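The lines below spell out each chain.
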Amino acid sequence: MDRRHFFSGVLAGAAAGAVSRVALAAVPEAAQQTGPATAPPLLPPDGRPYDPVVTLNGWSLPWRMKDGVKEFHLVAEPVVREMAPGFKVNMWGYNGQSPGPTIEVVEGDRVRLFVTNRLPEHTTVHWHGQRVPNGMDGVGGITQPHIPPGKTFVYEFTARRPGTFMYHPHADEMVQMAMGMMGLWVTHPKVRNHPQIARVQRDFCFLLGSFDVEPGSATPKVNTMTDFNTWAFNSRVFPGIDPLCVRRGDRVRIRVGNLTMTNHPIHVHGHEFEVTGTDGGAVPRSARWPEVTTDVAVGQMRQIEFIADEEGDWALHCHKSHHTMGPMGHDVPTMIGVDHRGVADTIRRLVPDYMVMGDKGMAEMGSMEMPLPDNTLPMMTGRGPFGPAEMGGMFTLLKVRRDQAPGDFHDPGWFRHPAGSVAHEVDAGQAPSAVSRSDEAGASASGTSDAAPASVRKPAGHDRH
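Residues numbered from 1 in each chain as written. Predicted model: local features only at pLDDT ≥ 70, side-chain atom pairs only at ≥ 80, totals over all residues. Heavy atoms only, no water.

Going by an unreviewed UniProt entry, the protein carries the name FtsP/CotA-like multicopper oxidase with cupredoxin domain and comes from Pseudacidovorax intermedius.

So, in structure tokens, the structure goes:
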């Protein structure tokens with residue numbers, strides 16, 4: 001999509017809003033948020049009380065109470081998301097951002113959701129994982145008419161069970177979800193002492209997203225099926241992702257939803273956790289076990305919990321290594337061990353800035369400052385107190401501090417390690433000598449080194465299988 005067609009959606013939305021102002025008089029105001037910072041938790045001003053979540057690099061949508069019903073207003077519209085400082089992407093989202101704002105309600109709430117379409121094409125909203133009347137399920141053409149551009153539809157149902165859910169279109173999904181249309185929904189339990197849902201001091205949530213943004217461009221390629229190059233937590237990439245800051249001893253809950261086209265093994269350093277919930281509901285306590293990695297498959301939610309009892313700056317990331325990198329080419333040859341310095345000298349006569357890369361691995365990409373096309377994310381970036389982090393994409397930090405005040409989510413800076421607790425270089429003379437086991441490996445069971453040559457008997461047939 002070129003710039004002219006992208007912004008035509010914005011203009012069409014503005015015109016539709018002006019035309020239908022009288023018709024929308026009964027609709028609650030649509031809150032907007034465009035900044036990429038993590039907003040503080042939205043304490044419920046009215047309605048039933050609950051312990052709010054913190055949406056990583058996002059926010060929760062305000063509501064109004066009307067005749068005992070909790071009313072929200074979602075606006076589907078073109079947005080510009082800053083995925084990392086200096087890297088802005090044209091997306092479609094809700095209320096100024098992609099992902100859209102998190103919707104928080106309480107089990108048993110009657111909910112009314114107004115959805116205004118400011119996109120250049122029709123849309124719907126599907127309330128992923130929730131039990132709703134069939135006509136409120138949001139599958140365009142099947143359970144409802146599509147929402148045309150410039151129109152507002154209303155969804156109304158009761159939040160029937162607590163848990164972590166998502167919302168996204170069920171209309172032109174390939175385009176709309178590839179452009180970033182998605183959001184989180186959290187239904188809190190109506191009782192504070194739920195038998196399967198513990199109260200926590202820190203409750204974080206984010207969605208996993210994937211995009212194909214060619215270097216130098218600003219709009220994702222919507223026809224990509226497998227070769228994505230930008231992997232994100234809530235449409236932010238490291239080092240643009242905020243850390244999860246907690247107090248030592250806090251019980252921490254992290255809710256993760258996956259709306260990409262592949263699975264993501266989410267790994268937490270320094271702590272063991274339990275999977276306490278999915279989008280199907282709370283996991284019974286008898287069915288939980290300790291883990292340090294949980295795989296979040298396509299279209300799934302995973303809710304993990306642990307006690308943050310180890311101080312430090314702990315990595316939290318997808319364990320697919322290419323998902324913790326920025327955009328890279330899929331057809332780049334492996335040059336490890338190839339001495340191409342002579343060729344490089346020849347190339348530099350034509351291209352003075354040409355650099356030899358990859359002959360010793362890719363670690364140098366984390367520290368080199370290379371000229372890049374405008375609006376292009378480096379492949380490996382971010383720095384820590386000890387040097388380049390060589391990370392990008394789906395990577396952030398869990399920061400555990402003993403002096404982090406309750407309810408304080410600000411970044412405390414880098415961890416100050418106690419003396420003697422950081423891995424460090426030693427003199428060669430201090431290291432124990434390596435023990436060679438080559439002799440033992442070649443010795444037979446009788447103690448001789450003249451082992452008989454191995455022999456292999458291939459099966460003649462499959463009659464005994």
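K.L.:
Quick rundown of the overall build of the protein? Include the residues and the values.
P.N.:
Each helix and strand counted, the protein has four helices and 24 strands in total. Expressed as a percentage of the 465 residues in the protein, the buried residues total 46%. For the protein, the share of sequence-separated contacts (at least 6 apart) that also reach a separation of at least 24 residues comes to 73%. (Helix = DSSP H or I, 4+ residues; strand = E, 2+ residues; numbered from the N terminus. Buried < 20%, exposed > 50% of the residue type's maximum accessible area, 1.4 Å probe, protein only. Contact = heavy atoms within 4.5 Å.)

K.L.:
Account for the packing of aromatic side chains, naming residues and giving values.
P.N.:
Two measures describe an aromatic ring pair: the distance that separates the ring centres and the angle between the ring planes. For the coordinates displayed, the defined rule picks out 12 aromatic pairs. When the ring of Phe204 is compared with that of Phe409, the centres are 5.9 Å apart and the planes differ by 85°; the resulting orientation is edge-to-face. With a gap of 205 residues between them, Phe204 in strand S11 (residues 202-211) and Phe409 in the loop between strand S24 (395-401) and helix H4 (438-442) connect regions that are remote in the sequence. Members of the aromatic cluster, each reached through a chain of ring pairs, are Tyr94, Trp127, Tyr155, Phe157, Tyr167 and Trp185. Note that Lys70 overlies the ring of Trp63, its terminal NZ or CZ placed 4.3 Å from the centroid. (Phe/Tyr/Trp six-rings, centres within 6.5 Å; stacked < 30°, edge-to-face > 60°. Lys NZ or Arg CZ within 6 Å of the ring centre and 35° of its normal.)

K.L.:
Provide a residue-level description of the sheet that holds strand S10 (residues 183-188), including the pertinent values.
P.N.:
The strand order across the open sheet formed by four strands is S5-S10-S9-S7, and the pairing between neighbours is mixed. With one partner strand each, in any of the chains shown, strand S5 (103-106) and strand S7 (126-128) form the two edges of the open sheet. Taken pair by pair, the neighbouring strands of this sheet meet at an average axis angle of 25°, ignoring direction. The pairing of strand S9 (residues 163-168) with S10 spans five bridges and is classified as antiparallel. Bridge pairing links Tyr167 to Gly183 in S10. (Pairing = 2+ DSSP bridges. Axes fitted to C-alpha atoms, helices over the stretch in contact; angles between N-to-C directions.)

K.L.:
Please set out the nonpolar core residue by residue, giving values where relevant.
P.N.:
Membership of the largest hydrophobic core comes to 30 residues, with the highest contact counts inside it found for Phe72, Leu74, Ile103, Leu113, Trp127, Tyr155 and Trp185. Among the secondary structure elements, those contributing two or more residues to this core are strand S3 (69-84), strand S4 (87-94), S5, strand S6 (110-117), strand S8 (152-158) and S9. Judged by nonpolar contacts, the second largest core, of 27 residues, contains Leu56, Ile254, Ile266 and Val296. (Core = buried A, V, L, I, M, F, W, Y, C linked by side-chain atoms within 4.5 Å.)

K.L.:
Please give an account of the sheet that holds S24 that cites residues and values.
P.N.:
What the five strands build is an open sheet, ordered S13-S24-S21-S15-S19; its pairing is mixed. The sheet is open, and its two borders are formed by strand S13 (244-247) and strand S19 (293-296), each paired with just one other strand. The mean inter-strand angle of the sheet, taken between neighbouring strand axes irrespective of direction, is 20°. Two strands pair when backbone bridges link them, and strand S15 (residues 264-268) and strand S21 (residues 312-318) are joined in this way by three bridges, in the antiparallel orientation. Residue pairing across strands places Val268 opposite Leu316, the latter belonging to S21.

K.L.:
Can you lay out the pairing of S6 for me, pointing to particular residues and giving the numbers?
P.N.:
With seven of eight residues buried, S6 is to be regarded as a mostly interior element. In the sheet, S3 pairs with S6 via seven bridges, with the strands oriented parallel. Considered in S6, the bridge of Ala76 is made with Asn117. Bridge analysis of S6 against S8 gives seven bridges, and the strand direction is antiparallel.

K.L.:
Lay out the pattern of salt bridges in plain terms, naming residues and giving numbers.
P.N.:
All told, the structure shown has 20 salt bridges when counted by the stated rule. Taking the shortest distance from any N to any O, the salt bridge between Asp250 and Arg202 comes out at 2.8 Å. Here Asp250 is found in the loop between S13 and strand S14 (251-258), whereas its partner Arg202 is found in strand S11, with 48 residues between them in sequence. Among the residues examined, Asp250 registers a relative accessible area of 8% and is labelled buried. Judged by its relative accessible area of 1%, Arg202 is buried. Across the pair Arg251 and Glu305 runs a salt bridge whose closest N-O atoms are separated by 2.9 Å. Within this pair, whereas Arg251 is found in strand S14, its partner Glu305 is found in strand S20 (residues 301-307), the two being separated by 54 residues in sequence. On the basis of relative accessible area, Arg251 is assigned to the partly exposed category, the value being 21%. Taking relative accessible area as the criterion, Glu305 reaches 4% and is therefore assigned buried. (Salt bridge = Lys/Arg side-chain N within 4 Å of Asp/Glu carboxyl O.)

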